[in-house]
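# Chains, contacts and geometry: an overview
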Amino acid sequence: MAQPNIVSVTSIHGQSIGFNLSATATTTLFTVGDDRVIKVNTIMIANVDGTSAATFDLFVTKAQVDTEDDQLVGAFTTNIDISGNFYLAKTITVPADSTLNLLESPIYLNEGDILKGGASASGDLDMFISYELINDA
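Residues numbered from 1 in each chain as written. Predicted model: local features only at pLDDT ≥ 70, side-chain atom pairs only at ≥ 80, totals over all residues. Heavy atoms only, no water.

### Observations concerning the overall build of the chain
In terms of helices and strands, the chain carries zero helices and nine strands. In the chain, the order of α-helices and β-strands from amino to carboxyl end is β-β-β-β-β-β-β-β-β. The 137 residues of the chain split such that 33% are buried. Taking the intrachain contacts of the chain between residues at least 6 apart in sequence as the baseline, contacts between residues at least 24 apart amount to 90%. (Helix = DSSP H or I, 4+ residues; strand = E, 2+ residues; numbered from the N terminus. Buried < 20%, exposed > 50% of the residue type's maximum accessible area, 1.4 Å probe, protein only. Contact = heavy atoms within 4.5 Å.)

Right, here's the structure in full:
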(Lines give C-alpha, C1' and ligand atoms only; values in the text may rest on other atoms or scores of the structure.)
Protein backbone atom coordinates (compact mmCIF):
# COMPACT_ATOMS: atom_id res chain seq x y z
CA MET A 1 0.00 0.00 0.00
CA ALA A 2 1.61 3.21 -1.16
CA GLN A 3 1.12 6.41 0.76
CA PRO A 4 -0.82 9.05 -1.22
CA ASN A 5 1.27 12.05 -2.23
CA ILE A 6 -0.52 15.13 -0.87
CA VAL A 7 1.63 17.46 -2.98
CA SER A 8 0.18 16.24 -6.29
CA VAL A 9 -3.47 15.76 -5.41
CA THR A 10 -6.36 15.60 -7.88
CA SER A 11 -8.92 17.00 -5.44
CA ILE A 12 -9.46 18.26 -1.90
CA HIS A 13 -13.04 18.33 -0.65
CA GLY A 14 -14.20 19.77 2.66
CA GLN A 15 -16.48 17.23 4.33
CA SER A 16 -18.29 16.61 7.57
CA ILE A 17 -20.03 13.60 9.03
CA GLY A 18 -22.03 12.89 12.16
CA PHE A 19 -22.55 9.76 14.25
CA ASN A 20 -24.76 8.81 17.15
CA LEU A 21 -22.35 6.56 19.03
CA SER A 22 -23.44 3.05 19.97
CA ALA A 23 -22.52 1.23 23.15
CA THR A 24 -19.99 -0.89 21.24
CA ALA A 25 -16.57 0.74 21.68
CA THR A 26 -15.14 -1.01 18.61
CA THR A 27 -17.76 0.11 16.07
CA THR A 28 -16.19 1.03 12.72
CA LEU A 29 -17.10 4.64 11.96
CA PHE A 30 -15.27 4.86 8.63
CA THR A 31 -12.39 3.41 6.64
CA VAL A 32 -10.13 5.61 4.51
CA GLY A 33 -10.34 4.53 0.86
CA ASP A 34 -7.54 3.77 -1.59
CA ASP A 35 -5.47 6.72 -2.85
CA ARG A 36 -6.99 8.94 -0.18
CA VAL A 37 -5.83 10.81 2.92
CA ILE A 38 -8.22 12.35 5.40
CA LYS A 39 -7.10 15.44 7.28
CA VAL A 40 -9.32 15.53 10.37
CA ASN A 41 -9.71 19.13 11.54
CA THR A 42 -12.33 18.87 14.29
CA ILE A 43 -13.97 16.17 16.37
CA MET A 44 -16.81 17.35 18.60
CA ILE A 45 -18.64 15.08 21.05
CA ALA A 46 -22.01 16.24 22.42
CA ASN A 47 -23.88 14.56 25.23
CA VAL A 48 -27.55 14.69 24.22
CA ASP A 49 -28.75 13.04 27.44
CA GLY A 50 -30.23 15.69 29.72
CA THR A 51 -29.39 13.98 33.01
CA SER A 52 -26.49 11.50 32.78
CA ALA A 53 -22.82 11.79 31.91
CA ALA A 54 -21.42 9.31 29.41
CA THR A 55 -17.92 8.20 28.41
CA PHE A 56 -16.50 7.44 24.99
CA ASP A 57 -13.53 5.78 23.33
CA LEU A 58 -12.14 6.75 19.94
CA PHE A 59 -9.22 5.05 18.24
CA VAL A 60 -7.56 4.43 14.90
CA THR A 61 -6.66 1.01 13.58
CA LYS A 62 -3.64 1.85 11.46
CA ALA A 63 -3.23 0.04 8.17
CA GLN A 64 -0.01 -1.82 7.50
CA VAL A 65 2.38 0.61 5.80
CA ASP A 66 4.60 -0.53 2.94
CA THR A 67 7.92 0.61 4.38
CA GLU A 68 9.63 0.49 0.97
CA ASP A 69 7.23 3.11 -0.44
CA ASP A 70 6.94 5.24 2.67
CA GLN A 71 9.78 7.78 2.81
CA LEU A 72 9.23 8.55 6.49
CA VAL A 73 9.39 5.03 7.85
CA GLY A 74 12.97 3.87 7.90
CA ALA A 75 14.43 7.01 6.34
CA PHE A 76 13.82 9.37 9.26
CA THR A 77 12.55 7.23 12.10
CA THR A 78 13.40 3.98 13.81
CA ASN A 79 11.72 1.67 16.29
CA ILE A 80 8.14 2.87 15.68
CA ASP A 81 4.77 1.16 15.57
CA ILE A 82 3.32 1.34 12.07
CA SER A 83 0.20 -0.78 12.53
CA GLY A 84 -2.24 -1.59 15.31
CA ASN A 85 -4.77 0.25 17.46
CA PHE A 86 -3.98 3.74 18.75
CA TYR A 87 -6.37 5.66 21.00
CA LEU A 88 -7.28 9.29 20.42
CA ALA A 89 -9.51 9.18 23.51
CA LYS A 90 -10.02 6.50 26.16
CA THR A 91 -12.94 6.55 28.61
CA ILE A 92 -13.38 10.33 28.35
CA THR A 93 -16.38 11.66 30.30
CA VAL A 94 -18.80 14.11 28.69
CA PRO A 95 -21.21 15.61 31.26
CA ALA A 96 -24.95 15.74 30.49
CA ASP A 97 -25.91 18.53 28.06
CA SER A 98 -22.24 19.32 27.35
CA THR A 99 -19.95 19.36 24.32
CA LEU A 100 -16.27 18.40 24.14
CA ASN A 101 -13.83 19.44 21.42
CA LEU A 102 -11.47 16.48 21.13
CA LEU A 103 -8.73 17.78 18.81
CA GLU A 104 -6.38 20.68 19.48
CA SER A 105 -4.70 20.30 16.08
CA PRO A 106 -5.47 18.35 12.88
CA ILE A 107 -4.47 14.73 12.34
CA TYR A 108 -4.05 12.70 9.14
CA LEU A 109 -5.59 9.30 8.48
CA ASN A 110 -3.99 7.36 5.62
CA GLU A 111 -5.52 4.93 3.16
CA GLY A 112 -6.74 1.80 4.93
CA ASP A 113 -6.85 3.42 8.37
CA ILE A 114 -10.09 2.74 10.28
CA LEU A 115 -11.66 5.13 12.79
CA LYS A 116 -13.49 3.22 15.52
CA GLY A 117 -15.32 4.24 18.65
CA GLY A 118 -18.29 3.99 20.92
CA ALA A 119 -19.98 5.31 24.05
CA SER A 120 -20.80 3.93 27.49
CA ALA A 121 -24.52 4.38 26.78
CA SER A 122 -26.04 3.90 23.34
CA GLY A 123 -27.66 7.03 21.95
CA ASP A 124 -26.26 9.43 24.58
CA LEU A 125 -23.34 10.85 22.58
CA ASP A 126 -23.29 12.46 19.15
CA MET A 127 -19.98 12.90 17.34
CA PHE A 128 -19.40 15.40 14.54
CA ILE A 129 -16.22 15.32 12.44
CA SER A 130 -15.05 18.04 10.05
CA TYR A 131 -12.36 16.91 7.61
CA GLU A 132 -10.73 17.31 4.22
CA LEU A 133 -10.80 14.36 1.83
CA ILE A 134 -7.56 14.49 -0.15
CA ASN A 135 -7.45 12.35 -3.31
CA ASP A 136 -4.34 11.62 -5.37
CA ALA A 137 -5.92 9.08 -7.75
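### Notes on unusual backbone geometry
Of note in the backbone geometry, aspartate 35 takes a positive phi value of approximately 60° without being a glycine. Of the residues examined, aspartate 35 reaches a relative accessible area of 35% and is grouped as partly exposed. One non-glycine residue, threonine 91, adopts positive backbone phi at about 50°. Along the chain, threonine 91 falls in strand S5 (residues 84-94). Exposure remark for threonine 91: the relative accessible area of 46% places this residue in the partly exposed category.

### Observations concerning the confidence of the model for the chain
Residues at a pLDDT of 70 or more form 83% of the chain, whose mean pLDDT is 87. No element of the chain has a lower mean pLDDT than strand S2 (residues 27-31), which averages 93, and none a higher one than strand S6 (residues 99-101), which averages 97. (pLDDT = per-residue confidence, 0-100.)

### As for the pattern of salt bridges
Under the counting rule described, the total for this entry stands at two salt bridges. Here aspartate 57 makes a salt bridge to lysine 90, at a shortest N to O gap of 3.5 Å. Of the two residues, aspartate 57 sits in strand S4 (residues 54-62) while lysine 90 sits in strand S5, which places them 33 residues apart along the sequence. Using a relative accessible area of 48% as the deciding quantity, one classes lysine 90 as partly exposed. Aspartate 113 is the partner of lysine 62 in a salt bridge, and the nearest nitrogen-oxygen pair spans 2.8 Å. Here lysine 62 is found in strand S4, whereas its partner aspartate 113 is found in the loop between strand S7 (107-109) and strand S8 (114-119), with 51 residues between them in sequence. (Salt bridge = Lys/Arg side-chain N within 4 Å of Asp/Glu carboxyl O.)

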